[in-house]
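# Chain and residue survey
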Amino acid sequence: MRLRSRRLAALLLTLAVIMASRALAAPTVQDPALNTQVTRLENGMTVLTLEDHTTPVVSLQIWVHVGSRDESRYSGLAHLFEHMMFKGSKHVGPEQHMRLLEARGGLVNAYTSQDVTVYHEDVPHEALPLAIDLEEERFENLDISEKTLSSERQVVLEERRLRTEDDPEGRALEMLVATTFIAHPYHRPVIGWRSDVEKVGVPECRRFFDTYYAPNNLVMVVVGDFDTAETLAHVKRVFGRLRPAESIPRNPTEEPTQHGERRAVVEFEVRSPSVWAAWHAPATGHPDGPSLDVAGQILSGGRASRLYRRLVYQEQQALAADGGYWELQDAGLFYATASVRPGASIDRVESLLFSEIARLRDTPVGAEELERAKRQLLVSLVDGLATTHALAARIGSDYVLLGRIRPLDERIAQIQAVTAADVQRVARSYLQDSGRSVVRVVRPPGPAEKPAPAASPRRPPRKGAAR
């Protein structure tokens, strides 16, 4: 359904010219997102439409501007509703929303992150009216009952057990984020703390839904093979009857400056210990973002990157290494992690890891290494726009988190403009020893009763965890 198209070929060809060009003015990329039409309904709902008739596919996404950062009394509510939205409404039974669209060749899913909850469908163009009607039905008539809550509570608790409590990577990442953010609500896990998920009731769920699932907190994105005027008339007719919320509360807490290293230990029955580290970094859209992206690519952009070469190949102390810049709406993290090779020392691995961070701060990056990292980022940027789904995701993310759709030319120019001095500057600004948080995953004292899986590094989700 997410078909690659002639658009990708054109973008990659233009990118090749850009990367090969030595001229001061790079060629302009034909960016389809610049043709996006923004429509605001009377009830405050925003609709972003972009016709693209390259393939007979339409991507429909509804971005709800609510994530774990917006939870106050109970954690995990945003993620819980991602599940409950598939459990039926007044006129559509449990799981029928997904089945009706899949029967017509559609792909349906959702995800929740710290900042947003996104419901997305990729459907043949003739199924778009049905997809719009099904979305409106569950936003207006969702079944928020004790029966539905009890059912999905157990599903979420099992997901938490599998992905966090019984998984060394999940535990490490949860501990790393909670250790790094001590005041900002980002310290809560998106999936929620177990006790909160167990205790939250129907009244709290209804209050949360009425507040954050209101039309003035929604952005609908439609990209692909459809008629704009016809689709907008349909959306206005059905979604226009939803009532807006009087206010959308946001948590005002800001993370204070960290003064000194923080450390935590997770004990888990693993064959391979691991070390994780994070530093505070700026929020999405910050001018230092491109330089941090390049720094992350130099450190961990594949097997030719510094961390992999030094820790895995040269010193043979680690099984894998990873890192990079993880940007969120209110703040960001720069992280690095490595899993320890059997028989090697976790102290040695940590020392090597931090020596590479120090080298990034202390020594300018070479021209060849810098250009390779920038090329990798540019290819990734353009390749990620090959489908209607990816294009809709870019449009939705930019609009919800930044309030505008960034031109592709702007993003390419920002990456191209990064210098070796910029990389060294952001490393010195953000990656200081006194501002890092460190988590080690180690085996508990005493003999292990049975073998357990290794804790190999996992990249934090940049756009949220898929449902």
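Everything below is about the structure printed above this text.
Residues numbered from 1 in each chain as written. Predicted model: local features only at pLDDT ≥ 70, side-chain atom pairs only at ≥ 80, totals over all residues. Heavy atoms only, no water.

## Things to note about the sheet that holds strand β11 (residues 436-442)
Selection rule: Paired strands, in this sense, are two strands between which DSSP finds at least two bridges. Helix and strand assignments come from DSSP, with helices taken as H or I runs of at least 4 residues and strands as E runs of at least 2, each series counted from the N terminus. Axis definition: a line fitted to C-alpha atoms, over the contacting stretch in the case of helices. Angles run 0 to 180 degrees between N-to-C directions. Working rule for contacts: check all heavy atoms of both residues, and any pair within 4.5 Å makes them a contact.
Taken in spatial order, the five strands of this open sheet run β7-β11-β8-β10-β9, and their pairing is mixed. Every interior strand has two partners, whereas the edge strands, β7 (262-267) and β9 (318-327), have only one. Strand-to-strand twist of the sheet, defined as the mean angle between neighbouring strand axes without regard to direction, takes the value 15 degrees. Here nine bridges tie β9 to strand β10 (residues 332-340), and the two strands are oriented antiparallel to one another. When the sheet's bridge partners are listed, A320 is paired in β10 with S339. Taken strand by strand, helix α11 (residues 306-314) contacts β9 and β10, and its axis lies near 160 degrees from that of β9.

## Section: helix α9 (residues 228-239)
Selection rule: The span one expects for a helix is its residue count, reduced by one, times 1.5 Å. Remark: exposure states derive from per-residue accessible area (1.4 Å probe, protein chains only) relative to the maximum for the residue type, with buried under 20%, exposed over 50%, and partly exposed in between. What the arc covers is the set of directions going from the helix axis to the C-beta atoms. Whenever a nitrogen or oxygen atom comes within 3.5 Å of another N or O atom, the pair is scored as a polar contact, on the condition that within protein one atom can donate a hydrogen and the other can accept it, and that pairs from neighbouring residues in sequence are kept only if both atoms are in side chains.
The end-to-end C-alpha distance of α9, which contains twelve residues, comes to 16 Å, matching closely the 16 Å that a straight helix rising 1.5 Å per residue would cover. Inspection of α9 places T228, T231, L232, H234, V235, V238 and F239 among the buried residues, and these make up the whole buried set. Looking straight down α9, one finds that the buried residues subtend no more than 160 degrees of arc, so they occupy a single side. Residues of α9 that are exposed and point more than 90 degrees away from the buried face comprise A229, E230 and R237. Where α9 begins, one side-chain oxygen reaches toward the backbone nitrogen of A229, 3.3 Å away; that side chain belongs to D227.

## Let's talk about empty space enclosed by the protein
What counts is decided by this rule: In this analysis the probe radius is 1.4 Å and the grid spacing 1 Å, with only protein atoms considered; a cavity is a set of points the probe fits into but cannot get out of, a pocket is an open set with protein on both sides within 12 Å along at least five of seven lines, and lining residues have an atom within 4 Å of a point. Grid points are joined across faces, edges and corners, and a volume is the space filled by probe spheres set on the points.
Counted under the stated rule, the structure contains two cavities of 30 Å³ or more. Empty space within the largest cavity amounts to approximately 60 Å³. Contributing to the lining of the largest cavity are Q297, I298, G301, A304, S305, E369, R372, A373 and Q376. Counting residues per element, the ones that place at least two in the lining of the largest cavity are α10 (289-300) and α13 (367-383). In terms of residue count, α13 provides more of the lining of the largest cavity than any other element does, four residues in total. Its boundaries defined by the atoms lining it, the second largest cavity holds a volume of some 50 Å³. Every residue along the wall of the second largest cavity is listed here: M85, F86, K87, G88, S89, V92, G93, Q96, H97, L134 and R138. If you list the elements that add at least two residues to the lining of the second largest cavity, you get α3 (96-102) and α4 (128-141).

## Quick look at unusual backbone geometry
Of note, the phi angle at E95 is positive, near 65 degrees, even though the residue is not glycine. Here E95 is to be found in the loop between α2 (77-84) and α3. The class for E95 is partly exposed, based on a relative accessible area of 21%. Of note, Q316 is a non-glycine position whose phi angle comes to about 55 degrees, a positive value. As for its placement among the helices and strands, Q316 is situated in the loop between α11 and β9.

## Remarks on the packing of aromatic side chains
This is how it is decided: Aromatic pairs are defined between Phe, Tyr and Trp rings, using the six-membered ring for Trp, whenever the two ring centres lie within 6.5 Å; interplanar angles under 30 degrees are classed as stacked, those over 60 as edge-to-face, and all others as tilted. Cation placement over rings: the criterion is NZ of Lys or CZ of Arg within 6 Å of the ring centroid and within 35° of the ring normal.
Under the criterion given, the structure shown has 14 aromatic pairs. For the ring pair W279 and F354, a centre distance of 6.2 Å and an interplane angle of 85 degrees mean the geometry is edge-to-face. On the criterion of sequence distance, the pair formed by W279 in strand β8 (residues 274-281) and F354 in helix α12 (residues 346-362) is long-range, its members being 75 residues apart. Take W279 and F354: they sit in the same class, and that class is buried. Taken together, the aromatic side chains of F81, F86, Y119, F139, F208, F209, Y212, Y213 and F239 make up a single cluster linked through ring pairs. Across from the ring centre of F86, 4.7 Å away, lies the NZ or CZ of R138, which sits over that ring.

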